[in-house]
Amino acid sequence: MFRLFFFLCCFSLISYSQQISVLDAYTQEEIEGVEVQEVFSRKKKWTNTLGLVFFKDLNKKSVLILKHQNYNDLQIKIKNIEGSIYLEPNSEGLESVVLSISRTAEKKHKIPERIEIVTQKEIDYISPQTSADLLANISGIRVQKSQLGGGSPVIRGMESNRVLLVVDGVRMNNAIYRNGHLQNSITVSPFALERTEVVFGPASVTYGSDALGGVVHYYTKNLKYSKNKKINSKLFYRHSTVNNEHSTNFSSEVSNQKWASFTNVSYSDFGDLKMGKNRTHGYKEWGKIYQYSQNTKEKYYPYSTLNTNPNIQRNTGYHQLDVLQKIMLPIHQNVNLVINGQFSTTNDVPNFGKMNLIKDGDLRFSEWYYGPQQRLLISAQAKFRDYKSILKNGTLTLAYQNILESRVQRNFGSLDRNSRFEEVDVYSLNGDFFIPLGSKKQNKLFYGLELVHNNVNSVAKGEILLISGNKVEGAEINTNISTRYPDRGSSYSSAAIYTSFKQELSKKHILNLGVRLTSTLLQAQWDKSLSPVLNQKLVLNNSAFTGSLGYIFKPYPTDKISIVFSKGFRTPNVDDIGKIREKSGKLTVPNTRLQPEHLYSAEIGITKKLPRSKMYLESNIYYTLLNHYIGRKPSSEFGSAIRYDGHVFEDQDILANTNLGKAIIYGATFNAKWECVKDVKTYGGVTYTKGNSYHNQEPLSSIPPLFGNVSLGIYKRWFDVSFDYRFSLEKTLESYNLTEGIDNLQETPNEEGTPNWAILNFNSNFRYNKNVRLQFQIQNILDIHYKEFASAISAPGRNLSAAIAYSF
């Protein structure tokens, strides 16, 4: 009897019953229908409507596997469960979670706008070299490149300062984001990202100016507390043959009950990029590089150098360092404080497009590079949950950013080196909150404010090099050159308030509406002794009232039909109004009468899950009217002849950003996802865009040709293997904008337009064990030569890439 009693007591210590709660990691909502399997006994149960499941006879060695079609699978030991189990939503289906559109977690089926989500699991699988390459893998986005160290995303026919970049709730767009092509998307390391969301179409109610084509919102690691001290670290290394890439990353997450921390450091070294050799387009010489400049800050060569391998694009390599540090502390029972520090810098990045311009039979520039592109972000974000009064739920974010950019150039046959330096300090305050309303808290009232102030400091210097043989001994300073932006300083400030309301009229009908009021102030001043055009102070005040109306009809839980009417805007910044620069023989000068451009958009979206199958179909059709849109045209505001950097520009060669009138952009996107058999999935998408100006009946700039992709893969617990086919139709000469020069027609063969292209990629991931993941990729398997539309640099040729990730 005593032995039986002793046995039962011991058994009770190692075997016990347990109620398990399963919640959404972002919304904290209970998840119904999660399959929970105990590994050793193979017993399966499913969570109820409260997200609960009850198991008997579990012990500390028990292991659970949780599965749900809308969430990533999770394997966890019983001894590691601390309270509830949180599942990370995947990016498929209407139950996936969206953070960006309302700046808080919302289910996708409650949002009328088109949203694309890339989770950390997908980022790891894609393994992009830069964040620009990550965006290029998202359906509906094209990325233009002037050089390897860059990438300008194009969304619905708009790019640069018509597309808003945001990181962790802080807008990256600043007062000198320009029209044309931007390279700032690479300053956020893909290694630090937990997810990336893209909002297609205007999102000015929530985000304000610049959110016309869409919003790219980068999210770094979301911190969590733990009952016991936890340390999770990871090392990553990747090598790629196409540009001799070496990328290394270290990340470490530390947490306990009172604080949590995340550290991420990455360094990438990129060599010169190889282009494809298989010229299916028929142009044998297009894109080949037969000569290049060996000039550096220390070395001088009077003539260009013969390139022994024309398929290697000399002067494209660079390196980049990224550092991220986040710390979360509880400052109240219902308030967490997150301190976020980010730093990104590069070495000098050659402007490949400029470095290959020909003049009088030789290269025009011996030097043309961007100085280190540096971004510093420091933010403090208070996260409120079930707090008081108007701070019920939401975030309050105070941020400071410092951005350094520079441009250095020198012509062959000249010892004069001109350097222009820009520094932008950005101070911002964002408040984004919501209050649940209704008897079941199904409705939400969103509201917030945004205050932003930009200080722009622009300086320039001219140098005359002192040469001894091939060595640069020093330089004589000649400061009498003009700056890129107002030399006596400029600033750009904005203040905004917004509110929106989501009402669930019934289970099948949801209404979203919102409004925003924004006021901006721009001030700039030039010194006549340095500026060729202005010696005055310019002050511009602008305001904009925007709104959106969205309606959702859900005939079935897995289907959605949505309609969105919205208005967006973009107020002219310092780059629009205050820039003086030369490009392709044209001089751009300020326009002191420039006004905001406005956008009116209508969109219909349909999401359909086919009955008795795992196929999802999604289509979006949109029509956009741009009013007072900003583009370049000849200007005589400062005379018919202007001397700049030793050259005289006259009449039609003097351009200014101007409100040109009306333009239209319309298009459609179709996507399909299908799990044809267990663990075998296929994805596909195609995007069509068209844009024309009423002003001169000319096509708009930045409109890509029809493009898309189709992929087929096997996705198992321990390995993934897939093939991806990507294609683009040709961009004919008739569809180019020949006035603005943004589309880089000179980079096409014989200036006839961009040929069509198609490439095939292979990707594989092998999880050797829970600590080691191996990856092998072959990109552009057939070694096709091509260029993305409007790009100066040829796309990568065949690339073999191998990577290893070790978690500990």
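Reading the values: the criteria
Residues numbered from 1 in each chain as written. Predicted model: local features only at pLDDT ≥ 70, side-chain atom pairs only at ≥ 80, totals over all residues. Heavy atoms only, no water. Helix = DSSP H or I, 4+ residues; strand = E, 2+ residues; numbered from the N terminus. Rg over C-alpha atoms; globule rule 2.2 N^0.38 Å. Buried < 20%, exposed > 50% of the residue type's maximum accessible area, 1.4 Å probe, protein only. Contact = heavy atoms within 4.5 Å. Areas by Shrake-Rupley, 256 points an atom, 1.4 Å probe, with all protein chains shown as cover. Core = buried A, V, L, I, M, F, W, Y, C linked by side-chain atoms within 4.5 Å. Pairing = 2+ DSSP bridges. Axes fitted to C-alpha atoms, helices over the stretch in contact; angles between N-to-C directions. pLDDT = per-residue confidence, 0-100. Salt bridge = Lys/Arg side-chain N within 4 Å of Asp/Glu carboxyl O. Patch = residues over 30% accessible without salt bridge, like charges linked within 9 Å, V, L, I, M, F, W, Y side chains within 5 Å. Lys, Arg positive; Asp, Glu negative; His and termini not counted. Charge placed at Lys NZ, Arg CZ, Asp CG, Glu CD. Phe/Tyr/Trp six-rings, centres within 6.5 Å; stacked < 30°, edge-to-face > 60°. Lys NZ or Arg CZ within 6 Å of the ring centre and 35° of its normal. Polar contact = N/O pair within 3.5 Å; in protein donor to acceptor, adjacent residues only side chain to side chain.

Q: Whenever I open this one, the overall build of the protein chain confuses me. Can you help?
A: Scanning the protein chain from N- to C-terminus turns up six helices and 56 strands. Against the globule reference of 28 Å for 808 residues, the protein chain gives a C-alpha radius of gyration of 28 Å, in line with a compact fold. A total of 808 residues make up the protein chain; the buried ones form 57% of that total. By sequence separation, contacts in the protein chain at least 24 residues apart represent 67% of the contacts at least 6 residues apart. Just so you have it, the protein chain exposes about 34,200 Å², and 57% of that area is on carbon and sulfur atoms.

Q: Which parts of the structure should I look at to understand the nonpolar core?
A: Note that soluble globular proteins tend to have their nonpolar side chains buried in a common cluster. Core analysis: the largest hydrophobic core is formed by 41 residues, its most contacted members being L135, I141, I155, M172, V198, V216 and Y218. Within the residue set of this core, elements represented by two or more residues are α2 (120-126), α3 (131-136), β11 (141-144), β14 (163-167), β16 (193-200), β17 (214-220), α5 (352-355) and β30 (365-370). Broken down by element, this core gets its largest block of residues, four residues, from α3. Setting aside residues no more than four positions away along its own chain, Y218 makes contact with S131, L135, V166, V167, D168, M172, S185, V188, L193, R195 and T196. If you look at the next biggest cluster of nonpolar residues, it comprises 27 residues, including I176, I403, A524 and L587.

Q: Help me understand the sheet that holds β16 in this model?
A: Backbone-to-backbone hydrogen bonds join strands into a sheet, with any given pair of strands oriented parallel or antiparallel. Strand order in the open sheet formed by five strands is β10-β16-β17-β14-β15, and the pairing between neighbours is mixed. Edge positions in the open sheet fall to β10 (114-119) and β15 (170-171), since each of these has one partner strand only. Strand direction decides the pairing type here: β14 and β17, joined by five bridges, are parallel. Each residue of the ladder has a partner; that of V163, found in β17, is G214.

Q: Just checking my understanding: could you explain the sheet that holds strand β40 (residues 581-583) for this structure?
A: A sheet is described by the order of its strands in space; here four strands give the open sequence β40-β41-β47-β44, paired in mixed fashion. The open sheet has two edge strands, β40 and β44 (630-634), and neither has a second partner. The sheet shows a mean angle of 40° between the axes of neighbouring strands, taken without regard to direction.

Q: Honestly, the confidence of the model for the protein chain in this entry has me stumped. Any pointers?
A: The predicted coordinates should not be examined in detail at positions where pLDDT is low. Of the residues in the protein chain, 96% have a pLDDT of 70 or more, and the chain-wide mean is 90. Strand β21 (residues 273-274) holds the highest mean pLDDT among the elements of the protein chain, 98, whereas helix α1 (residues 2-14) holds the lowest, 45. Within the model, pLDDT remains below 50 along residues 4-15, and this stretch shows six contacts once partners closer than five positions in the same chain are excluded.

Q: What's the story with the pattern of salt bridges in this structure? I'm lost.
A: Close approach of charged atoms allows side chains with opposite charge to pair. Following the criterion strictly, the structure yields 36 salt bridges and no others. The residue E367 makes a salt bridge to R417 at a minimum N-O spacing of 3.2 Å. Pair noted here: E367 is in strand β30 and R417 is in strand β33 (residues 416-437), with a separation of 50 residues, a long-range link. Residue classification places E367 among the buried positions, given a relative accessible area of 2%. Put simply, R407 and E422 hold a salt bridge, and the shortest N to O gap is 3.5 Å. Here the residue R407 occupies a position in strand β32 (residues 393-411), and E422 occupies one in strand β33, the gap between them amounting to 15 residues. Residue class for E422 comes out buried when judged on its relative accessible area of 3%. Each member of the salt-bridge network shares a partner with another, and the members are E367, R410, R417, K461 and E463.

Q: Before we go on, may I ask you to explain a nonpolar patch on the surface in this structure?
A: On the surface, Y237, I714, W718, F719, F766, Y768, L774 and I804 cluster together into a nonpolar patch covering about 780 Å² of accessible area. Relative to the helices and strands, W718 resides in the loop between β50 (707-715) and β51 (719-728).

Q: I tried to follow unusual backbone geometry on my own but got confused; where do I start?
A: Across the chain, the bulk of peptide bonds are trans and the bulk of non-glycine residues have phi less than zero. Its identity is not glycine, yet N244 carries a phi of approximately 50°, on the positive side. Mapped onto the fold, N244 is located in the loop between β18 (230-240) and β19 (245-255). For N244, a relative accessible area of 45% corresponds to the partly exposed category.

Q: How do you make sense of the pairing of strand β34 (residues 443-468) when you look at a structure like this?
A: Along any regular strand the residues' side chains alternate between the sheet's two faces. Relative to β34, β33 runs antiparallel, the two being bridged by 22 bridges. Counterpart to S428 in the pairing with β34 is V452. The turn joining β33 and β34, which pair antiparallel and follow one another in sequence, is formed by five residues; a positive phi near 95° is taken by G438. In this structure, β34 lies alongside strand β36 (residues 490-504), joined through 13 bridges in antiparallel fashion. In the sheet register, L451 faces β36, and the bridge partner there is A495. Taking the residues between adjacent antiparallel strands as the criterion, β34 and strand β35 (residues 471-478) are bridged by two residues, where G469 takes a positive phi near 65°.

Q: Looking at this structure, how should I read a positive patch on the surface?
A: Together, K44, K67, K121, K678 and R717 make up a positively charged patch on the protein surface. A residue is classified by how much of its surface remains accessible, and K678, at 65% relative accessible area, is exposed.

Q: What's the story with the pairing of β19 in this structure? I'm lost.
A: Among the eleven residues of β19, eight are classified as buried, and the element is accordingly described as predominantly covered. Taken together, β18 and the strand that follows it, β19, pair antiparallel across an intervening segment of four residues, in which N244 is found at a positive phi of about 50°. Once β19 ends, the chain turns through four residues before running back antiparallel as strand β20 (residues 260-270).

Q: I tried to follow the environment of V424 on my own but got confused; where do I start?
A: Here V424 is to be found in strand β33. Since its relative accessible area comes to 0%, V424 is described here as buried. Sequence-wise, V424 and F766 are 342 residues apart; in three dimensions their C-alpha atoms are separated by 44 Å. Residue contacts for V424: discarding those within four places in its chain leaves N174, I176, Q401, N402, I403, N454, N455 and V456.

Q: When you look at the packing of aromatic side chains in this model, what are you seeing that I'm missing?
A: Think of a pair of aromatic rings as described by two things: how far the centres are apart, and how the planes are tilted against each other in angle. All told, the structure shown has 17 aromatic pairs when counted by the stated rule. Residues Y283 and W286 carry aromatic rings whose centres are separated by 6.5 Å and whose planes lie at 75° to one another, so their mutual orientation is edge-to-face. Residue class for Y283 comes out partly exposed when judged on its relative accessible area of 25%. Owing to a relative accessible area of 9%, W286 belongs among the buried residues under this scheme. Centroid distance W368 to Y370: 5.3 Å. Interplanar angle 70°. Geometry classified as edge-to-face. Here the two residues W368 and Y370 agree in accessibility, since each one is buried. Feature note: the residues F384, Y387, F433 and Y447 constitute an aromatic cluster, connected by ring pairs. The residue whose ring lies beneath R156 is Y622, and the NZ or CZ to ring-centre distance is 4.2 Å. Positioned over the ring face of Y616 is K609, at 6.0 Å from the centre of the ring.

Q: What should I look at first to understand the side chain of N295 in this one?
A: Among the secondary structure elements, N295 is positioned in the loop between β22 (291-292) and β23 (305-306). Within the structure, the side chain of N295 is placed 3.1 Å from the side chain of S293, a separation counted as a polar contact. A distance of 2.9 Å separates a polar atom in the side chain of N295 from a polar atom in the side chain of R410.

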